[in-house]
Amino acid sequence: MYIRRDIEKILLKASESFQIITLFGSRQVGKTTTVDHLFGDEFGFVTLDDYDELALAHNNPKAFFESHPWPLIIDEVQ
């Protein structure tokens, strides 16, 4: 069951004007779930919890973005 969040309208409006949106907050509050709910059908998804993806992003950002075309959700950026 998905729990609607007040920030949904803000994220949708921001996505109309900005190519990059950063969403941060406390652990386990539904950030990834919300973004996936709003954009998951239209956006690719990659998590930097995957050490291979993290290493690629760090060592060869060009190859990272070539392997993950836009639009893209990047999770666990911290």
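Residues numbered from 1 in each chain as written. Predicted model: local features only at pLDDT ≥ 70, side-chain atom pairs only at ≥ 80, totals over all residues. Heavy atoms only, no water.

Draft legend 1. Representation of the overall build of the chain in the model. Along its length, the chain carries 4 helices and 2 strands. When the helices and strands of the chain are listed from N to C terminus, the series reads α-α-β-α-α-β. Counting only C-alpha atoms and orienting by the principal axes, one finds that the chain spans roughly 35 × 25 × 20 Å. Carbon and sulfur atoms provide 54% of the accessible area of the chain, an area that totals close to 6,500 Å². (Helix = DSSP H or I, 4+ residues; strand = E, 2+ residues; numbered from the N terminus. Areas by Shrake-Rupley, 256 points an atom, 1.4 Å probe, with all protein chains shown as cover.)

Draft legend 2. Geometry of a nonpolar patch on the surface. Among the surface-exposed residues, Ile20, Phe65 and Trp70 lie close enough to one another that they form a single nonpolar patch of about 360 Å² accessible area. Within the secondary structure layout, Phe65 lies in helix H4 (residues 61-67). Phe65 sits in the partly exposed class, given a relative accessible area of 35%. (Patch = residues over 30% accessible without salt bridge, like charges linked within 9 Å, V, L, I, M, F, W, Y side chains within 5 Å. Salt bridge = Lys/Arg side-chain N within 4 Å of Asp/Glu carboxyl O. Buried < 20%, exposed > 50% of the residue type's maximum accessible area, 1.4 Å probe, protein only.)

Draft legend 3. Representation of the environment of Thr33 within the structure. You can see Thr33 is positioned in helix H2 (residues 31-39). Residues Thr33 and Ile20 lie 13 residues apart in sequence; the distance between their C-alpha atoms is 18 Å.

Draft legend 4. How the structure looks around the side chain of Glu8. Among the structural elements, Glu8 can be located in helix H1 (residues 7-17). By relative accessible area, Glu8 is classed as buried at 8%. Of note is the side chain of Glu8, whose polar atom sits 3.0 Å from the side chain of Arg4. Once residues within four sequence positions are removed from consideration, Glu8 is found in contact with Tyr2, Ile3, Thr34 and Leu38. (Polar contact = N/O pair within 3.5 Å; in protein donor to acceptor, adjacent residues only side chain to side chain. Contact = heavy atoms within 4.5 Å.)

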